[in-house]
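# Summary of the model geometry
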Amino acid sequence: MKLLILPDAAAAAARVVDEIRDLVDEKPDARLGLATGGTMEPVYQGLVASDADLSRVTTFNLDEYVGLSPQHPQSYRSFMEARLFGPKRMSRKQTHLPQGDAPDPEAEADRYEAQIADGGLDLQLLGIGANGHIGFNEPTSSLGSRTRVKTLTRRTRDDNARFFDDPDEVPRFAITMGIATILDARHVVLLATGSAKAEAVAAMVEGPLSAVCPASALQLHRRATIVVDEAAASSLALRDYYETVHPGGAEPEL
Ligand code: GLP
């Protein structure tokens, strides 16, 4: 894992924007895996403000709530349309999410998995749940899992209730890329900011590889970049070492 500790959330998000821009500059038709959540908002703001050309990329989001139509204001499709796809004038043809209101959610998950596998992903962007989830792979998700329907934990539903008018409206199920689907991406970039993520970050990086912390599966990936701010880095036992290797998030001078 490459662990980059940036001074604050804005600097951490800017670093992630740079990773995406560098990829798209090099490969204009890159296949990008995208994420939702509050942590990603400054990333999408940064991309929209930048001159990054996303006209030829293809995107696949990690997950979508089961039961919400793409037009539902709290769907992840709506989140992405408002923050990135709309402002960057990206078409429906190039942007993909599981369809939350598909009549057969399991069949929709299989269809989505096949669509991702047909070309793979050059970069998968990830946030992390306070319980260590990635996508909606909740604790004890199989490390070999593929895109499927998952039941959300009470904690995840509570954490995400802030986006809904009524907490009871938070869906109980989601279609999410699996952990093995995520590990297939050629580069994984995880962004975590704020002290509420500090324990999950420490478990992901320094804890045992375990389905109890789904993000710890990234320890198996040969190219995982973890970008955190100081608050999210605060529980890392080897923090001094990471800062020595990448001072201020910079590449080491060999
Ligand atoms: C949701 C998403 C995850 C995201 C997590 C953290 O549960 N499915 O992909 O990483 O929330 O969200 P936030 O960035 O709002 O803390």
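Scope of this entry: the structure provided in the associated data block. (Residues numbered from 1 in each chain as written. Predicted model: local features only at pLDDT ≥ 70, side-chain atom pairs only at ≥ 80, totals over all residues. Heavy atoms only, no water.)

## Some details on the pattern of salt bridges
What the rule picks out here adds up to 15 salt bridges. Here the salt bridges share partners, and the residues they tie into one network are K2, R15, E19 and E251. (Salt bridge = Lys/Arg side-chain N within 4 Å of Asp/Glu carboxyl O.)

## A look at the sheet that holds strand β8 (residues 173–176)
One open sheet holds the three strands; their spatial order is β4-β8-β7, and the pairing between them is antiparallel. Whereas interior strands pair on both sides, the edge strands pair on one side only; in this sheet they are β4 (63–65) and β7 (148–151). Adjacent strand axes in the sheet meet at a mean angle of 30 degrees, parallel and antiparallel pairs treated alike. As paired strands, β7 and β8 are joined by four bridges and run antiparallel to one another. If you follow V149 over to β8, its bridge partner there is I175. Each of β7 and β8 touches helix α4 (residues 105–117); the most contacted strand, β7, lies at about 125 degrees to it. (Pairing = 2+ DSSP bridges. Helix = DSSP H or I, 4+ residues; strand = E, 2+ residues; numbered from the N terminus. Axes fitted to C-alpha atoms, helices over the stretch in contact; angles between N-to-C directions. Contact = heavy atoms within 4.5 Å.)

## Quick look at the sheet that holds strand β6 (residues 123–126)
Spatial strand order, β1-β10-β9-β6-β2-β3-β5: seven strands in an open sheet with parallel pairing. Pairing within the sheet leaves two strands with one partner each, and these edge strands are β1 (2–6) and β5 (95–96). Summarising the sheet, β1 and strand β10 (residues 224–229) pair through five bridges and their orientation is parallel. Following the sheet pairing, I5 is matched in β10 by V228. Helix-sheet contacts for helix α1 (residues 9–26) involve β1, β2 (31–34), β6, β9 (188–192) and β10, and the interaxial angle to β10 is about 155 degrees. Across the face of the sheet, α4 comes into contact with β2, β3 (58–61) and β5 while running at roughly 140 degrees to β3.

## What about unusual backbone geometry?
Of note, the phi angle at R89 is positive, near 50 degrees, even though the residue is not glycine. In this structure, T140 takes a positive phi of about 80 degrees despite not being glycine. Locating T140 in the fold gives a position in the loop between β6 and β7. Overall, the relative accessible area of 60% leaves T140 in the exposed class. (Buried < 20%, exposed > 50% of the residue type's maximum accessible area, 1.4 Å probe, protein only.)

## Observations concerning helix α3 (residues 76–85)
A large share of α3 lies buried, amounting to seven of its ten residues. Taken as a whole, α3 has its buried residues at Y76, R77, S78, F79, M80, L84 and F85. Summarising the contacts, the buried residues of α3 are in contact with β2, α2 (41–49), β3, β4, β5 and α5 (154–160).

## Let's talk about the site of the ligand
As a structural note, the neighbourhood of the ligand is formed by 15 residues, with G38, T39, D63, R162 and K197 the closest of them. Contact distances for the ligand include 2.4 Å between an oxygen atom and a side-chain N or O atom of T39. R162 is positioned with one of its side-chain polar atoms (N or O) 2.7 Å from an oxygen atom of the ligand. Look at the ligand: alone it shows 390 Å² of surface, and the protein chains cover 93% of it. Taken together, the residues that form the shell around the ligand break down as four nonpolar, eight polar and three charged. (Near = heavy atom within 4 Å. Polar contact = N/O pair within 3.5 Å; in protein donor to acceptor, adjacent residues only side chain to side chain. Areas by Shrake-Rupley, 256 points an atom, 1.4 Å probe, with all protein chains shown as cover. Nonpolar A, V, L, I, M, F, W, Y, C, P; charged D, E, K, R; others polar.)

## Topic: the packing of aromatic side chains
Under the defined criterion, the tally for this structure stands at six aromatic pairs. Note on Y65 and Y76: the rings are 4.8 Å apart at their centroids and 45 degrees apart in plane angle, and the pair reads as tilted. In this pair, Y65 sits in strand β4 while Y76 sits in helix α3, placing the two residues eleven residues apart along the sequence. Taking the relative accessible area as the measure of exposure, Y65 reaches 1% and is therefore buried. (Phe/Tyr/Trp six-rings, centres within 6.5 Å; stacked < 30°, edge-to-face > 60°.)

## A closer look at the nonpolar core
In this structure, V43, Y44, L84, L125, L190, M204 and L218 are the most contacted members of the largest nonpolar core, which totals 71 residues. The element that contributes the greatest number of residues to this core is α1, accounting for seven residues. Every residue in contact with Y44, bar those within four places of it in the chain, is listed here: L34, A35, F79, M80, R83, L84 and L125. (Core = buried A, V, L, I, M, F, W, Y, C linked by side-chain atoms within 4.5 Å.)

## A few points about the side chain of Q94
Considering the arrangement of structural elements, one finds Q94 in the loop between α3 and β5. Here S55 takes part through its backbone oxygen, which lies 3.3 Å from a polar atom of the side chain of Q94. At 2.7 Å, the side chain of Q94 and the backbone oxygen of V57 are in polar contact. The residues contacting Q94, other than those within four sequence positions of it, are L54, S55, R56, V57, T58, T59 and R89.

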